[in-house]
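Results of the structural survey
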Amino acid sequence: MPVPLFDPQPQHAVVGVEVEQAVLQVLQSGQYILGPAQQQFATQAANLLDSAHAIGVASGTDALHLALRAADIGPGDEVITPAFTFAATVEAILYCGATPVFADIDPVSLNLCPTATAQAISTRTKAILPVHLFGLPAELAALHELATEHGLWLIEDCAQSFGATVQGRPTGSWGDFGCFSFFPTKNLGGYGDGGLVTTQSEAAAERLKVLRNHGSRQRYEHHELGYNSRLDDVQAAALAVKLQYLPDFNAQRQQAASWYCQHLQDTPLQLPPTPTNATHVYGQFTVRAPQRDHLHQYLHQHGIGAAVYYPIPLHRQPLCAAMVDSELSLPVTEQVTADCLSLPMFPGISETQVQEVVRAVRSFYEGTQAD
Ligand SMILES: *Cc1c(COP(=O)(O)O)cnc(C)c1O
């Protein structure tokens, strides 16, 4: 029985009827951009995320870009971030003309290492941009302290961590800005592109609203160079429905993770950590695997959808070549890109499907031992 890496259908089976009604209402209302549906969703999301303000934007990439713009980060400024993340994290920095400074990650959490971050701070550093990779929160308490001590912005990339918490507080509420994505595979996945920025600051929220709408506060008055980057009302209406089910959907991901951990603990895989003071929402279930490429190929041949997020670290991407010292070495990042593998994970994945994946992984390692 094949098991896909991601399947949106179990979620749609739960929310489909309500989503269709909500979307139909927007279609009939005639208010498609900056209408009441997006405002209602933003308010709901802000409440759930313990944030004073939430501003809907066109994508997670734009959420990061606009947050950096709202922090007035520009040419000459340095932003410390991991090289083990999706390219959008660094694209946002580059859009602003700022310089990404890559710090190494922790080999267990796979998130930005606070010690390496501290070492990367220079007189030009303006912000720390951690990523809550695969749904596991970065070390927010330590990073927050570091940012406060050095007067830096803390901008959280929460694209993979909607609903995750640290010490009971949601990711996105610790920093000056929390940047979320509603790409369909994310924890809160829409039916297209969308994003959100959270902030506790009224002034920052106002600035973000201006930036997402052509630099305009009042129609046809343009205060600065802005963008066309709003979360549209059709998308927001669908997301508002899905938001109600998010705790269930994240709990289903956690249940699947616990099945995986139970059945894979005596294999050669390094499993994701189960944090004690934080919640992991398993945007992905990512392991570190000996003979990763062979295992990946073996799973593919047996109909199991696995994927390598991410095979090339950002400091080795041509995208960053002009900005990064070619000698820069990030040993943990480089090791992890060589051995990480993400296994099927989505709300509604069944225990049978998890067992199917487990069986294939076990038979791969048993087979290689027998060689
Ligand atoms: C998905 C993702 C983004 C970008 O979000 P989009 O909505 O696709 O633009 C940014 N950072 C990380 C870590 C992501 O996973």
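Each remark here, short or long, concerns the structure printed above.
Please read these numbers as outputs of a predicted model, since none were measured by experiment.

Parameters and conventions
Residues numbered from 1 in each chain as written. Predicted model: local features only at pLDDT ≥ 70, side-chain atom pairs only at ≥ 80, totals over all residues. Heavy atoms only, no water. Helix = DSSP H or I, 4+ residues; strand = E, 2+ residues; numbered from the N terminus. Polar contact = N/O pair within 3.5 Å; in protein donor to acceptor, adjacent residues only side chain to side chain. Salt bridge = Lys/Arg side-chain N within 4 Å of Asp/Glu carboxyl O. Buried < 20%, exposed > 50% of the residue type's maximum accessible area, 1.4 Å probe, protein only. Phe/Tyr/Trp six-rings, centres within 6.5 Å; stacked < 30°, edge-to-face > 60°. Lys NZ or Arg CZ within 6 Å of the ring centre and 35° of its normal. Pairing = 2+ DSSP bridges. Patch = residues over 30% accessible without salt bridge, like charges linked within 9 Å, V, L, I, M, F, W, Y side chains within 5 Å. Areas by Shrake-Rupley, 256 points an atom, 1.4 Å probe, with all protein chains shown as cover. Axes fitted to C-alpha atoms, helices over the stretch in contact; angles between N-to-C directions. Contact = heavy atoms within 4.5 Å. Core = buried A, V, L, I, M, F, W, Y, C linked by side-chain atoms within 4.5 Å.

1. Section: the environment of Q244
With respect to the secondary-structure elements, Q244 resides in helix α8 (residues 233-264). When the C-alpha atoms of Q244 and Q44 are compared, they prove to be 9.4 Å apart, with 200 residues separating the residues in sequence. Among the polar contacts made by the side chain of Q244, one reaches the main-chain carbonyl oxygen of A240 at a distance of 3.5 Å.

2. Comments concerning the pattern of salt bridges
Pairs can form between side chains of opposite charge whenever their charged atoms are close. Under the counting rule described, the total for this entry stands at 11 salt bridges. The salt bridge partner of K126 is D77, with a shortest N-O separation of 2.9 Å. In this pair, K126 sits in strand β4 (residues 125-128) while D77 sits in the loop between α3 (60-70) and β2 (78-82), placing the two residues 49 residues apart along the sequence. Of the residues examined, K126 reaches a relative accessible area of 35% and is grouped as partly exposed. The residue R316 makes a salt bridge to E334 at a minimum N-O spacing of 3.2 Å. Of this pair, R316 sits in the loop between α9 (292-301) and α10 (331-339) while E334 sits in helix α10, placing them 18 residues apart in sequence. Several salt bridges converge on common partners, so that one network encompasses R69, D72, R207 and E224.

3. Examining the packing of aromatic side chains
One pass over the full model with this rule turns up 15 aromatic pairs. Relative to F134, the ring of F84 lies with its centre 6.0 Å away and its plane at 75°, an arrangement referred to as edge-to-face. With F84 in the loop between β2 and α4 (88-95) and F134 in the loop between β4 and α6 (140-150), the pair connects residues that are 50 residues apart, well separated along the chain. The buried category is assigned to F84, whose relative accessible area is 1%. Assessed through its relative accessible area of 4%, F134 is described here as buried. On the numbers, 4.5 Å between centres and 20° between planes, the contact of Y260 with F285 is stacked. Here Y260, found in helix α8, pairs with F285, found in strand β12 (residues 285-288); they are 25 residues apart in sequence, far enough to count as distant. Like F285, Y260 is buried. Taken together, the ring pairs in this structure connect F84, F86, F134, Y309 and Y310 into an aromatic cluster. Positioned over the ring face of W174 is R169, at 4.1 Å from the centre of the ring.

4. Describing the pairing of strand β3 (residues 99-103)
Among the five residues of β3, four are classified as buried, and the element is accordingly described as predominantly covered. Across five bridges, the pairing between β2 and β3 is parallel. Paired with T81 across the two strands is F102, which belongs to β3.

5. Remarks on a nonpolar patch on the surface
Nonpolar side chains collect at one region of the surface, where L24, L27, Y32, I33 and L34 lie side by side and expose about 440 Å² of accessible area between them. Looking at the element boundaries, L27 is found in helix α1 (residues 9-29). Among the residues examined, L27 registers a relative accessible area of 43% and is labelled partly exposed.

6. Quick notes on the sheet that holds β4
Adjacent strands of a sheet pair through backbone hydrogen bonds, lying either parallel or antiparallel. Strand order in this open sheet of seven strands is β1-β9-β8-β5-β4-β2-β3, and the pairing throughout is mixed. Each edge of the sheet is formed by a strand with only one pairing partner; in this case those strands are β1 (53-57) and β3. Taking each pair of neighbouring strands and ignoring which way they run, the sheet shows an average axis angle of 25°. Of the strands in this sheet, β1, β2, β5 (153-157), β8 (177-181) and β9 (195-199) are in contact with α3, which crosses β8 at around 160°. With respect to the sheet, α4 is in contact with β2, β3 and β5, its orientation differing from that of β3 by roughly 145°.

7. Considerations on the side chain of S229
Looking at the secondary structure, you find S229 in the loop between β11 (221-222) and α8. When its relative accessible area of 0% is taken as the criterion, S229 is described as buried. Reaching out from S229, the side chain makes a polar contact with the side chain of D62 at a distance of 2.6 Å. Residue contacts for S229: discarding those within four places in its chain leaves G56, V57, A58, D62, L66 and R212.

8. Re the nonpolar core
Membership of the largest hydrophobic core comes to 39 residues, with the highest contact counts inside it found for F84, Y260, L269, F285, L299 and L343. Here the element with the most residues in this core is helix α11 (residues 351-370); it accounts for seven residues. For L299, the residues in contact, after removing those within four places along its chain, are I304, A306, L341, L343, A360 and V361. Formed by 25 residues, the second largest nonpolar core is a distinct cluster that contains A71, I73, L129 and C179.

Spatial relationships are all this shows, so hold off on functional conclusions.
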